[in-house]
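Fold and geometry: a report
Take a look at the letters that make up each chain.
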Amino acid sequence: MLNSHILHDFPFTFSSESTFQVCEREVTRCSFLMKRDIHHVGMWKFECSCWTSSTSFDYSSGRDNDGWGLPSDLCPCRDPVNPISTQLSNWKDYYEWRCLPLRSPAALLLHWPLTIFHAVKLAGISHSTFKVTNKLHIHYLGPDIELCELAVFSELHSLFPGLQVHIDFFGPEVPQSSRDDSKINLHSYAHCVDIECNCKSRTEAEWRISDGTTAAVSLQLHKGLYHDLYRKSKKDPAPDLIIAPNAGIAAYPSWLPTIELIKEMNVPAIFSDYCEEAAHLALALKILKMKLRNWLQLQIQINPFRQPMAVEDSVLYLACYSNCVLFGM
């Protein structure tokens, strides 16, 4: 609770509105989105309590749910103007690099790919690791709402220039009928609403690296628990990184065999949670119980790319944010 002022500290012009006022119930997610004309628009459909599971999992290349719903000056719909900075360490750095004004709400969705970017850095993975394959392979555990916002992961193309980024999503929330084992190629950034913007003229050929290999971000979805699915497909190569956003390890006993598997794999793994207390409970109830105390490589720390909007109607009297804190093995 003493760290609340740190967690509420964002550089955005709307920071007070999306933090203190949400916590005090003076502002709701719906009212925040309505004020910016993005309520029920594009990927924003799933950022408030209005969305329902029956209408959420319908990603397609038809641009139904994968648009920003914002003008081009408020969202990253095109390639960066400048090469990525090695000092990209917080939202202010990112917004400056992407030439976005601090009034842009885009960070409310961009926390998904930016948390991956930060996790890769924390795990000590650098471009030199990929000199031979030019590929970054990530296993992403327990996706939920992000399954409705997959287009935002196209930003990984700008964050990892010249690399093919492939993410395997594993989780029980992947619908069995239409999405299980489906593959999605993201050949362009999520689109803005400006009719004349060249983001709508992007072609797959524009996202290639010098050797002719496609550098598009690709995603594959798998329904089920990670430890069950991975043990059945050991022919697959091990990933470079395992990430589990908003994991809730202390709340779900099914994490225990998954953590045991990750230890066997000896692959860097980064977990996030909504608040520091949840992370401490995870370590106390699971990892310490398994006598893995010395296995913790990355101590609990605040994620600089946490979502800049407080969790609405939290049951905890604590500051809670999506992807708020990180710890890893």
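The residue count restarts for each chain, going from 1 along the sequence in the order it is written. For this predicted model, a pLDDT threshold of at least 70 governs which residues receive local features, and a threshold of 80 or more governs which side-chain atom pairs are given and counted, while totals over whole chains, interfaces and linings are taken from all residues. Side-chain metrics rest on all non-hydrogen atoms present in the structure, leaving aside hydrogens and water.

**Describing the layout of surface pockets**
The test is simple: Put simply, the grid is 1 Å and covers the protein atoms alone, a cavity is a trapped set of points that fit a 1.4 Å probe, a pocket is an open set with protein on both sides within 12 Å along at least five of seven lines, and lining residues have an atom within 4 Å of a point. Grid points are joined across faces, edges and corners, and a volume is the space filled by probe spheres set on the points. Helix and strand assignments come from DSSP, with helices taken as H or I runs of at least 4 residues and strands as E runs of at least 2, each series counted from the N terminus. Side-chain classes are defined by residue name, with Ala, Val, Leu, Ile, Met, Phe, Trp, Tyr, Cys and Pro counting as nonpolar, Asp, Glu, Lys and Arg as charged, and the others, Gly among them, as polar.
Computed from the structure, the largest pocket encloses a volume of approximately 1200 Å³. Lining the largest pocket we find 47 residues, and of these Asp144, Pro245, Asn246, Tyr252 and Tyr274 sit closest to its centre. When residues of the lining of the largest pocket are traced back to their parent elements, those giving at least two are α7 (107-122), β2 (164-171), α9 (226-232), α10 (255-265) and α11 (276-287). Broken down by element, the lining of the largest pocket gets its largest block of residues, three residues, from α11. When its residues are assigned to classes, the lining of the largest pocket shows 26 nonpolar, 13 polar and eight charged. Approximately 400 Å³ is the volume found for the second largest pocket. Lining the second largest pocket are 16 residues, with Cys23, Leu316, Tyr317, Leu318 and Ala319 positioned closest to its centre. No other element matches the three residues that helix α3 (residues 20-23) contributes to the lining of the second largest pocket. Grouping the constituent residues of the lining of the second largest pocket by class yields ten nonpolar, three polar and three charged.

**Considering the pattern of salt bridges**
This is how it is decided: When a carboxyl oxygen of Asp or Glu is within 4 Å of a side-chain nitrogen of Lys or Arg, the pair counts as a salt bridge. For each residue, the accessible area found with a 1.4 Å probe, counting protein chains only, is set against the maximum for its type, and the residue is called buried under 20%, exposed over 50%, and partly exposed in between.
What the rule picks out here adds up to seven salt bridges. We note a salt bridge from Arg103 to Asp73, for which the minimum N-O separation is 3.5 Å. Pair noted here: Arg103 is in the loop between α6 (91-97) and α7 and Asp73 is in the loop between α5 (53-56) and α6, with a separation of 30 residues, a long-range link. The class for Asp73 is partly exposed, based on a relative accessible area of 38%. With its nearest N and O atoms 2.6 Å apart, the salt bridge here joins Lys92 to Glu96. A residue pair is termed a helical-turn pair when its members lie 3 or 4 positions apart in one helix, as Lys92 and Glu96 do in helix α6 at four residues.

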